[in-house]
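# Architecture and fold: a report
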Amino acid sequence: MNAFPAHIDLKDRPALILGGGAAALAKARLMLAAGASLTLIAKKFAPETRAELESRARLLERQPVAADIEAAVLVFIADTPEAEARRWAEIARMAGVLLNVVDQPALCDFTTPSIVDRGRVTVSISTAGAAPVLGKRLRADIEALLPPRLGSLADFADRYRETVKATIAPEARRQFWESFFDGPIAAQVLAGDETGAHEAMLALINRPHTDEKTEEQKGSVHIVGAGPGDPDLLTIKALRLLQRADVILYDRLVSDEILNLARRDAERFYVGKAKSNHAVPQEEIEARLIAFARQGKMVVRLKGGDPFVFGRGGEELEALRNASIPVFVCPGVTAATGCAAAANMALTHRDHAQAVTFVTGHAKGEADPALDWSALAALKNTLVVYMGVTKAETISAKLIEHGRGAQTPVAVIENGTRDSQKIVKGSLGDLPRLIEAGGIKGPALLVIGEVAALADGETLIEIIAKERAAA
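All chains use their own residue numbering, which begins from 1 and follows the written sequence. Confidence filtering applies because this is a predicted model: local features only for residues at pLDDT of at least 70, side-chain atom pairs given and counted only at 80 or more, and all residues used for totals across whole chains, interfaces and linings. For side-chain calculations, the full set of non-hydrogen atoms in the structure is used, while hydrogens and water are omitted.

## A word on a nonpolar patch on the surface
Defined as follows: Exposure above 30% relative accessible area and the absence of a salt bridge qualify a residue for a patch, where like charges join within 9 Å and nonpolar side chains (Val, Leu, Ile, Met, Phe, Trp, Tyr) within 5 Å. Residue exposure ignores everything except the shown protein chains as possible cover, and the areas themselves are Shrake-Rupley values with a 1.4 Å probe. Each salt bridge in this description consists of a side-chain nitrogen of Lys or Arg and a carboxyl oxygen of Asp or Glu lying within 4 Å of one another. Strands are runs of DSSP state E lasting at least two residues, helices are runs of H or I lasting at least four, and both sets are numbered from the N terminus onward.
A cluster of nonpolar side chains, Phe310, Val356, Phe358 and Met387, forms an exposed patch at the surface whose accessible area comes to about 310 Å². When you line up the elements, phenylalanine 310 lands in the loop between strand S13 (298-303) and helix H13 (313-322).

Shown next as structure tokens:
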């Protein structure tokens, strides 16, 4: 190690900053976050520094003196000419006070790390002043991995330390805490349900502890939205869950790039569905989720888009609750918003559409979708049809029959947000021909309404011209 890492308790202890500009303000924020009794001394304070700190720290507009430095636990020198900084650094060193001189690592006793702050849980990253930007990038990576309520989880565990110590034998405590942090009670805390978590924790502690699996050891299920396909659109929470999962059950629309982000040793089971080809029936998927959870597994049910938008997430949630399995939901970017953004098309627009309606073009078996065509045609706003490629002819005919204009713009987005994305656009009357000419097979989204004219993509005329040129 180039420097020894140590976390110093500064609560109500004196810290001093020499300087009144932007660098001094940045250090002041750190000291105040740590609870220090803070003083800043400068010949003149920048207006923004004074505005932010005036009620939170002592601001002394004068020259510092040696006694100021000698009274502090930590001293920062910022926004100060180099020669003057060296003089005050020498005084601090003679007084035995720990010193940081901004942007002058050779004069520093310590450097300020990049910090991930989760309350009781603090992660610091230091490059010993050699590469601060690298430290910030590492911090961003770690921020993405750590849940926002991690500090609350540490507080929660601390609250029960003595109770666990008094009720659980020493040889069983480590296993208890390992099961706790991997189990549903911790997941409840991280989800913000501390009331329910306290009730479950008290019940768990008061239960006789035998070799039989407890509820805490029975595992849990997370129903997770994977987004429309681009791994960069995966939520931070979804990424954390994938990297902790013991078992992953995933759908057809989940991309390989997203699966590659999962924990390497996680068990993976494909349970996807295509039209008229259900690889695994819905009832069996639900039974598998329950069985894996009862084996003590942390299970992720991974669905394309958002699990509660035409994803049967509600059915699975109900089945798991009926089986008394702890279940949590992690929403995802739904296909409509993701694909529209990928096509540079707004689903609502003050000039073209004040509302958007999501419907599915897929019905049970081979039946036509049972939709209120009159209502949909009358809306005159944006209509987004999921799973509508094979029923495009019916959708087009029914909307026109019930009053939607044949010249209404449409856009068809296949594999939206992915490298294989394809976008074609035209009119509602030409929708079946547009899909055929564009070679659209699915999965694809149909967007019907004036906003579709604003989408990127090839028109039917451009597709035909390209085919003729190729011939």
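## Brief notes about the environment of threonine 390
Along the chain, threonine 390 falls in the loop between strand S16 (382-386) and helix H16 (392-401). Note: C-alpha distance between threonine 390 and histidine 362 (28 residues apart in sequence) is 8.4 Å.

## Focus on the environment of arginine 468
Basically, it comes down to this: Classification of residues uses two cut-offs on accessible area relative to the type maximum, computed with a 1.4 Å probe and protein chains only: under 20% is buried, over 50% is exposed, and between them is partly exposed.
Checked against the element boundaries, arginine 468 lands in helix H18 (residues 460-470). Classification of arginine 468 as exposed rests on a relative accessible area of 66%.

## Overview of the sheet that holds strand S20 (residues 458-459)
What counts, and what does not: The pairing criterion for strands is at least two bridges between them, as found by DSSP.
One open sheet accounts for six strands, arranged S15-S16-S19-S17-S18-S20; its pairing is mixed. Edge positions in the open sheet fall to strand S15 (356-360) and S20, since each of these has one partner strand only. In this sheet, strand S19 (residues 444-448) lies alongside strand S17 (residues 409-414) in antiparallel orientation, the contact comprising five bridges. Among the inter-strand pairings, valine 410 is bridged to a residue of S19, identified as isoleucine 448.

## Regarding the packing of helix H12 (residues 282-294) against H13
A pair of packed helices can be characterised by two numbers: the angle between their axes and the separation between those axes. Rule in force here: Lines fitted to C-alpha atoms define the axes, with helix axes restricted to the stretch in contact, and inter-axis angles between N-to-C directions lie between 0 and 180 degrees. For classification purposes, an angle smaller than 35 degrees is called roughly parallel, one larger than 145 roughly antiparallel, one from 65 to 115 roughly perpendicular, and anything else oblique. Crossings are classed by handedness, with left-handed meaning an anticlockwise turn of the near helix from the far one by less than a right angle and right-handed meaning a clockwise turn. Any two residues whose heavy atoms approach within 4.5 Å at even a single point are treated as in contact.
One way to put it is that H12 packs onto H13 with a least axis distance of 10 Å and a crossing angle of 45°. In terms of their interaxial angle, H12 and H13 are classed as oblique. Relative to H13, the crossing made by H12 is right-handed. Seen from H12, the contacting residues are Gln282, Ile285, Glu286, Leu289 and Ile290; seen from H13, they are Glu315, Glu316, Ala319 and Leu320.

## Quick notes on helix H4 (residues 82-95)
Selection criterion: Take the residue count of a helix, subtract one, and multiply by 1.5 Å to get its expected span. Within this analysis, the arc is defined by the directions that extend from the helix axis to the C-beta atoms.
Under the 1.5 Å per step criterion, the end-to-end length of H4 is 20 Å for 14 residues, consistent within 8% with the ideal 20 Å. For H4, the set of buried residues is Glu84, Ala85, Trp88, Ala89 and Ala92. Down the axis of H4, the sector holding all buried residues measures 135°, keeping them to one side. Away from its buried face, by an angle of more than 90 degrees, H4 presents the exposed residues Ala83 and Met94. Contact partners of the buried residues in H4: strand S1 (14-18), helix H3 (66-70), strand S4 (74-77) and strand S5 (98-101). A positive backbone phi angle near 75° is found at glycine 96, which sits one or two residues after H4.

## A short note on the pairing of S1
Applicable threshold: With the strands pointing away from the viewer, any crossover whose connection runs clockwise from the first strand over the helix to the second is right-handed.
Summarising burial for S1: four of the five residues are buried, a large majority. In this structure, S1 lies alongside strand S2 (residues 37-42), joined through five bridges in parallel fashion. Bridge pairing in S2 links leucine 18 to isoleucine 41. Once the chain exits S1 it traverses helix H1 (residues 22-33) before rejoining the sheet at S2, and the crossover so formed is right-handed.

## Some words on the environment of proline 326
Structurally, the position occupied by proline 326 is in the loop between H13 and strand S14 (327-330). With 131 residues separating them along the chain, proline 326 and threonine 195 place their C-alpha atoms 15 Å apart. When sequence neighbours within four positions are dropped, the list of residues in contact with proline 326 reads Pro184, Gly219, Ser220 and Val221.

## Concerning unusual backbone geometry
Positioned with a positive phi, aspartate 103 is a non-glycine residue whose angle comes to about 65°. Following the sequence through the fold, aspartate 103 ends up in the loop between S5 and strand S6 (114-118). Of note in the backbone geometry, asparagine 415 takes a positive phi value of approximately 50° without being a glycine. Topologically, asparagine 415 is positioned in the loop between S17 and strand S18 (422-427).

Treat this as a map of the structure, not an account of what it does.
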